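Below, each chain spelled out in residue letters.
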Amino acid sequence: MSALVTGGAGFVGSNLCWELAARGWDVVALDDFSVGTFKNLQGFPGDVIAADVGDVSYWGPRAGKVDAVFHEAAITDTTVTDQRLMMRVNVEAFRDLLAWAAKAKVKKVVYATSAGTYGDLPVPHREDATPKPLNVYAFSKAIMENVAAAAKGVKAV
């Protein structure tokens, strides 16, 4: 099996890269290194592509054939108030990733969402609840769920 892990130099992404590699997967880590660090991937046996997720024309041919994508790349800082930046990095790059995955015949795209999509709804939260994000980060994650649900040609979970 082969995988592309976006946000591969970040905390979650790098640990996922290492675990998949330990299980015998061929892994390509994709990261723009704006937050993640190379130190998380020192000694990593797979490939590393330094690029922004939204720049598919650059990294797409380099990633090669993959069976699965694990999408961990995002702006996760809930104090970021630049709405355009948050939506471009989190939502539009995800949309581009899904389009690439469908064209490349990737079997599955697994993406990270956030409990923040529920905002201040009463607990316990239910997945079928209408999102009530309280910041642009949570809003971007709620929209990513809509984009994933509407994706054609690829299974996004």
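Residues numbered from 1 in each chain as written. Predicted model: local features only at pLDDT ≥ 70, side-chain atom pairs only at ≥ 80, totals over all residues. Heavy atoms only, no water.

This paragraph deals with the layout of surface pockets. Approximately 580 Å³ is the volume found for the largest pocket. Looking at the largest pocket, it is lined by 28 residues, and the ones nearest its centre are V35, E72, A73, A74 and I75. Counting residues per element, the ones that place at least two in the lining of the largest pocket are α1 (11-22), β2 (26-31), α3 (83-103) and α4 (136-150). (1 Å grid on protein atoms, 1.4 Å probe; cavity = no way out; pocket = protein on both sides within 12 Å on 5 of 7 lines; lining within 4 Å. Points joined across faces, edges and corners; volume = space filled by probe spheres on them. Helix = DSSP H or I, 4+ residues; strand = E, 2+ residues; numbered from the N terminus.)

The next subject is the environment of L121. Its location among the elements puts L121 in the loop between β5 (108-111) and α4. Not counting residues up to four positions away in its chain, the partners in contact with L121 are A129, T130 and K132. (Contact = heavy atoms within 4.5 Å.)

On to the packing of aromatic side chains, then. Applying the stated criterion to the full structure yields four aromatic pairs. A centroid spacing of 5.7 Å and a plane angle of 75° characterise the contact between W18 and F44, whose relative ring orientation is edge-to-face. One end of the pair, W18, is in helix α1; the other, F44, is in the loop between β2 and β3 (47-50), and 26 residues separate them in sequence. Here R62 stacks its cationic end above the ring of Y58, 3.8 Å away from the centre of that ring. (Phe/Tyr/Trp six-rings, centres within 6.5 Å; stacked < 30°, edge-to-face > 60°. Lys NZ or Arg CZ within 6 Å of the ring centre and 35° of its normal.)

In terms of residue burial, strand β1 (residues 2-6) counts as a mostly covered element, since five of its five residues are buried. Of the two faces of β1, the one carrying S2, L4 and T6 and the one carrying A3 and V5 are both buried. Bridge analysis of β1 against strand β4 (residues 68-71) gives four bridges, and the strand direction is parallel. Counted as the bridge partner of T6 is H71 from β4. (Buried < 20%, exposed > 50% of the residue type's maximum accessible area, 1.4 Å probe, protein only. Pairing = 2+ DSSP bridges.)

With that settled, consider the sheet that holds strand β6 (residues 155-156). One open sheet accounts for six strands, arranged β3-β2-β1-β4-β5-β6; its pairing is parallel. On the outer flanks of this sheet lie β3 and β6, each paired with one strand and no other. In this structure, β5 lies alongside β6, joined through two bridges in parallel fashion. Its bridge partner being in β6, V109 is matched across the sheet by A156.

Right, let's get into unusual backbone geometry. Generally, phi is negative for residues other than glycine and the peptide bonds are trans, each holding for most cases. Across the junction of V123 and P124, the peptide omega takes the value 0°, indicating a cis bond. Position of P124 among the secondary structure elements: in the loop between β5 and α4. With a phi close to 60°, F33 is a non-glycine residue in the positive phi region. If you trace the backbone, F33 turns up in the loop between β2 and β3. Not every positive phi belongs to a glycine, and K105 is a case in point at roughly 60°. Note that K105 resides in the loop between α3 and β5. Residue classification places K105 among the exposed residues on the basis of a relative accessible area of 63%.

On to α4, then. Residues lying three or four places apart along an α-helix face the same way, a consequence of the helix completing one turn every 3.6 residues. When the terminal C-alpha atoms of α4 are compared, their 21 Å separation across 15 residues agrees well with the 21 Å that a helix rising 1.5 Å per residue should span. The set of residues buried in α4 consists of V136, Y137, A138, S140, K141, A142, M144, V147 and A148. (Expected span 1.5 Å × (residues − 1).)

Distances and angles like these do not, on their own, reveal function.
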